[in-house]
Amino acid sequence: MKVFYNIYTLTPVKKANRLSNLEVKKGVYLRAELNNKVYFSDYFPHESLGDRNIEVFLEEFKFQVHEYDKKVFHHLLKDNSYQKITPKLFYNHKLWSKNEPLDAPVIKYKLNSPDDYGFVEALRGGIYVRLDANGLFTKRSFDEFLKGIPEEKMNLIHYMEDPLRDTDWKDLKLHSARDFIKGNPYQYEIYKPNRSFLPETQHKIIFSSYLGSELGQWQCYSELLESGDLKAIHGIVTQGFYEDQMELFTGNYKEGFIGNSLVVQKLYKKMDDLPWKNLCSM
């Protein structure tokens, strides 16, 4: 198998989380050729969360040491089937920021500080909320934060993702969701198919895209169709984060989304037409 690469950029419209910025972001597409078939995959690092930059990734990819690299290779091998997958309906929360329309029954809100209560207006409107703290709190500051939420609305909060910066999550008054921080106990697993393999767990699994390219988003969706719970509410649709995004899905937050095969054909035509440089043989 011959493997080629193409470096791409994404221009953020808004910050992905409190640790990120609005600088142009780099990712890398991979292309493989084997038995007269062409396969694609995507590596998009979040360096503020510990991912290696694309230069290091390209140097190390052929050695297949890191889980992220192994998953990129896995998607590369699976991509021919992803290109032909039959779209199905799924449900998605809205990745919501203040001053945006509250047009979804479930939103995800990324906290920017220990006194960020921008999501409370959604709670007051009867909307379910998923909070993402990215390890923002200590146990004491977490308890202080909860005091600012109307007690009668607490039942509308599905969970807080990575609530504490340490791993002892006992006796928290909200459900916890585990992503980057391996805390316990927790009730939800935030699964990023672009960077890791499906965990063996009895917890509820929420599929989440990695805020990268449309190709990565499509491969995340394809894996959801193969092995995820289509009745759950996931986090794959990330509209409005980058300039000039292709809309891979049709639908809405209330009735669900489904992959748009015509747009996906255009996506793969775009991939095929990119200039490619030789990386390695595997």
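Here, the structure is the one placed above.
Residues numbered from 1 in each chain as written. Predicted model: local features only at pLDDT ≥ 70, side-chain atom pairs only at ≥ 80, totals over all residues. Heavy atoms only, no water.

**Student:** Is there a simple way to think about the pairing of strand β6 (residues 106–110) in this case?
**Tutor:** Sheet faces and side chains relate simply in a regular strand, where the side chains alternate between the two faces. Along β6, five of the five residues are buried, which leaves the element largely enclosed by surrounding structure. Where strand β5 (residues 94–95) meets β6, two bridges bridge the pair, whose relative direction is parallel. Within the sheet, the bridge partner assigned to L95 lies in β6 and is K108. Across five bridges, β6 lies against strand β7 (residues 128–132) in parallel orientation. Looking at β7, one finds that I107 is bridged to V129. (Buried < 20%, exposed > 50% of the residue type's maximum accessible area, 1.4 Å probe, protein only. Helix = DSSP H or I, 4+ residues; strand = E, 2+ residues; numbered from the N terminus. Pairing = 2+ DSSP bridges.)

**Student:** Would you mind going over the sheet that holds strand β10 (residues 188–191) with me for this structure?
**Tutor:** Here we have seven strands laid out as an open sheet, ordered β5-β6-β7-β8-β9-β10-β11, and parallel in their pairing. Only two strands of the sheet have a single partner each, and these edge strands are β5 and β11 (204–207). Of the pairings in the sheet, the one linking β7 to strand β8 (residues 157–161) comprises four bridges and is parallel in character. Among the inter-strand pairings, R130 is bridged to a residue of β8, identified as Y159.

**Student:** Help me understand the nonpolar core, please; the structure alone is not making it clear to me.
**Tutor:** Nonpolar side chains tend to gather and get buried jointly when the protein is soluble and globular. By size, the foremost hydrophobic cluster in this structure holds 64 residues, and its most contacted members are L111, F119 and W218. Per-element accounting of this core gives the leading share, six residues, to helix α5 (residues 214–227). Ignoring sequence-local partners within four residues, the contact set of L111 consists of R18, D116, F119, L131, D132, A133, L136, F137, F145 and M160. Residues L58, F73, Y210 and C280 belong to the second largest nonpolar core, which totals 18 residues. (Core = buried A, V, L, I, M, F, W, Y, C linked by side-chain atoms within 4.5 Å. Contact = heavy atoms within 4.5 Å.)

**Student:** I keep staring at empty space enclosed by the protein and nothing clicks. Help me out?
**Tutor:** Here the idea is plain: a probe the size of a water molecule rolls over the atoms and shows the empty space left. Following the criterion strictly, the structure yields four cavities of 30 Å³ or more and no others. Of the pockets and cavities examined, the largest cavity occupies roughly 240 Å³. Lining the largest cavity we find 23 residues, and of these K108, K110, K192, S209 and L211 sit closest to its centre. Counting only elements with at least two residues in the lining of the largest cavity, the list comes to β6 and β8. The calculated volume of the second largest cavity comes to roughly 80 Å³. What lines the second largest cavity is Q217, V237, T238, Q239, G240, Q245, M246, E247, L248 and F249. (1 Å grid on protein atoms, 1.4 Å probe; cavity = no way out; pocket = protein on both sides within 12 Å on 5 of 7 lines; lining within 4 Å. Points joined across faces, edges and corners; volume = space filled by probe spheres on them.)

**Student:** Looking at this structure, I do not really get helix α4 (residues 139–146). What am I missing?
**Tutor:** Count 3.6 residues to each turn of an α-helix, and residues three or four apart come out pointing the same way. Within α4, the full set of buried residues consists of F142, F145 and L146. Buried residues along α4 cover an arc of 100° about the axis, so they all sit on one side. Looking at the buried side of α4, the elements it contacts are β7 and β8. (Arc of directions from axis to C-beta.)

**Student:** It is not clear to me how the sheet that holds strand β2 (residues 25–34) should be interpreted in this structure. Could you clarify?
**Tutor:** Working definition: the strands of a sheet are paired by backbone hydrogen bonds and lie parallel or antiparallel to each other. Taken in spatial order, the four strands make up an open sheet running β3-β2-β1-β15, and their pairing is antiparallel. What marks the edges here is a single partner per strand, and that holds for β3 (37–43) and β15 (277–281). The sheet shows a mean angle of 30° between the axes of neighbouring strands, taken without regard to direction. Of the strands in this sheet, β2 and β3 are in contact with helix α2 (residues 67–82), which crosses β3 at around 150°. Relative to the sheet, helix α6 (residues 261–273) contacts β2 and β3, its axis offset from that of β3 by approximately 95°. (Axes fitted to C-alpha atoms, helices over the stretch in contact; angles between N-to-C directions.)

**Student:** What is the right way to look at unusual backbone geometry in this model?
**Tutor:** Excluding glycine, most residues fall at negative phi; most peptide bonds, likewise, are trans. The residue after N184, namely P185, is reached through a cis peptide bond having omega -10°. Following the sequence through the fold, P185 ends up in the loop between β9 (176–178) and β10. The backbone of L211 shows a phi angle near 50°, a positive value even though the residue is not glycine. Here L211 lies in the loop between β11 and α5. Here L211 falls in the buried class, since its relative accessible area comes to 9%. Backbone geometry places D244, a non-glycine residue, at a positive phi of 60°.

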